[in-house]
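In case you want the letters, here they are:
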Amino acid sequence: WVRLVTAQTPTNIAVIKYWGKRDETLILPVNDSISVTLDPNHLCTTTTVAVSPAFDRDRMWLNGKEISLVGGRYQNCLREIRKRATDVEDKEKGIKIAKNDWENLHVHIASHNNFPTAAGLASSAAGFACLVFALAKLMNVREDEGKLSSIARQGSGSACRSLYGGFVKWIMGNNEDGSDSLAVQLADEKHWDDLVILIAVVSSRQKETSSTSGMRESVETSLLLKHRAQEIVPKRVVQMEEAIKNKDFPSFASLTCADSNQFHAICLDTSPPIFYMNDTSHKIISIVEKWNRAEGTPQVAYTFDAGPNAVLIAHDRKAASELLKRLLFYFPPGAGTDLNSYVIGDK
Ligand code: DP6
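Residues numbered from 1 in each chain as written. Predicted model: local features only at pLDDT ≥ 70, side-chain atom pairs only at ≥ 80, totals over all residues. Heavy atoms only, no water.

**Q** Is there a simple way to explain the site of the ligand in this structure?
**A** By nearness alone, 18 residues border the ligand, and Y18, K21, R73, S156 and S158 come closest of all. R73 places a side-chain nitrogen or oxygen 2.7 Å from an oxygen atom of the ligand. Contact distances for the ligand include 2.6 Å between an oxygen atom and a side-chain N or O atom of S156. If the ligand stood free it would expose 460 Å²; the protein chains cover 95% of that surface. The biggest single contributor to the shell around the ligand is helix α4 (residues 211-221), with 3 residues. Per-class residue counts for the shell around the ligand are 7 nonpolar, 6 polar and 5 charged. (Near = heavy atom within 4 Å. Polar contact = N/O pair within 3.5 Å; in protein donor to acceptor, adjacent residues only side chain to side chain. Areas by Shrake-Rupley, 256 points an atom, 1.4 Å probe, with all protein chains shown as cover. Helix = DSSP H or I, 4+ residues; strand = E, 2+ residues; numbered from the N terminus. Nonpolar A, V, L, I, M, F, W, Y, C, P; charged D, E, K, R; others polar.)

**Q** So what exactly am I meant to see when it comes to the packing of aromatic side chains here?
**A** A ring pair, where both rings are aromatic, is described by two values, the distance of the centres and the angle of the planes. Here the structure, examined in full by the defined rule, presents 12 aromatic pairs. Centroid distance Y18 to W170: 4.6 Å. Interplanar angle 65°. Geometry classified as edge-to-face. Remark: W170 occurs in strand β12 (residues 167-171) and Y18 occurs in the loop between β2 (12-16) and β3 (21-23); sequence separation between them is 152 residues. By the burial criterion, Y18 is buried, and W170 matches it. Ring centres of F167 and W192 lie 6.0 Å apart, and the angle between their planes is 35°; this geometry places the pair in the tilted category. Here F167 is found in strand β12, whereas its partner W192 is found in the loop between β13 (182-187) and β14 (196-201), with 25 residues between them in sequence. A network of ring pairs unites the aromatic residues F167, W192, F249 and F252 as a single cluster. Over the aromatic face of F331 sits the side chain of K283, whose NZ or CZ is 5.6 Å from the ring centroid. (Phe/Tyr/Trp six-rings, centres within 6.5 Å; stacked < 30°, edge-to-face > 60°. Buried < 20%, exposed > 50% of the residue type's maximum accessible area, 1.4 Å probe, protein only. Lys NZ or Arg CZ within 6 Å of the ring centre and 35° of its normal.)

**Q** Teacher, can you tell me more about the sheet that holds strand β5 (residues 33-37) here?
**A** Through backbone hydrogen bonds, the strands of a sheet pair up, either in parallel or in antiparallel fashion. A sheet is described by the order of its strands in space; here 4 strands give the open sequence β2-β5-β12-β13, paired in antiparallel fashion. With partners counted over all chains shown, the strands left at the sheet margins are β2 and β13, one partner each. Going from strand to strand, the sheet's axes swing by 35° on average, the running direction of each strand aside. The pairing of β5 with β12 spans 4 bridges and is classified as antiparallel. The residue of β12 that forms the bridge with S35 is V168. Sheet strands in contact with helix α5 (residues 223-245) are β2, β5, β12 and β13, and its direction is about 115° off that of β2. The strands touched by helix α6 (residues 249-268) are β2 and β12; relative to β2, the strand with the most contacts, the crossing angle is about 95°. (Pairing = 2+ DSSP bridges. Axes fitted to C-alpha atoms, helices over the stretch in contact; angles between N-to-C directions. Contact = heavy atoms within 4.5 Å.)

What follows is the structure in structure tokens.
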């Protein structure tokens, strides 16, 4: 017999960034972060997990290619879920797995992203969240989403925020064992559903410096990072929560843009400096800044992760279509710019 579970998880985009760990193994951050989870139909990961007595070892395929599960983050997630497995009974298929059987059973995992892996579009966030969620269903784990988020966190920090829809905060926590470092939902997906998120894919090439090694170098060398984590983010998180609660777009936009720019300033403050944005990214920033200034009140917020692609959050559909018009004007198709932008729909 084979028991199968399939899950689909969207990615999330941080508006207050996570950058820097205080514990690399448990993946504990140096500051809280806040994100918005995208609509599940767009940038998402689909993962199928299977268990069968015929499987002789755990195996995983990512976008059709087998990857090694030896050591590391996948093993940490698998171990934490296996520990919490409970009895499973599927009468229809005649499957009965007792709690204690799980340690001798192996799983096969097949995961697909519908967007480029490691291009700075937070594929690891959706990937680990989906893996943990699917395994928890397979093994009948009875923990709540908060606990599952702290397991997904051990796969990739940003993954803990993809266990919930809407607006999500990853609380950094204080405990050394990481038990209080988990995600909470600030507002569900129905709250503030006027927002439209557009991703301008500047490049789908794999990024040169991974988030993991980039943030390690920043923690080791950037003084600005310490200032940000201790002085800036705690205040910004409070202001951002307030802006989200009140659907206050001007505050939301100015905090989002400022936080993205500060994250990239930290990358520059790292030795050797890390450049995630390119000329096209900078051009997009100035287009948005000029437009927002001309309107008197912001229409669009921008944010960039560990890559050159722009995530643009428009106030509403009208602002989104105006934004698209402007992008097409500055980056006409076929004119040699490598911008290939597409609307990915609602939040
Ligand atoms: C810039 O979660 O990919 O997207 O925990 O090492 O796997 P690891 O890093 P990851 O870092 C994401 C960094 C970011 C900001 C964010 O999503 O908050």
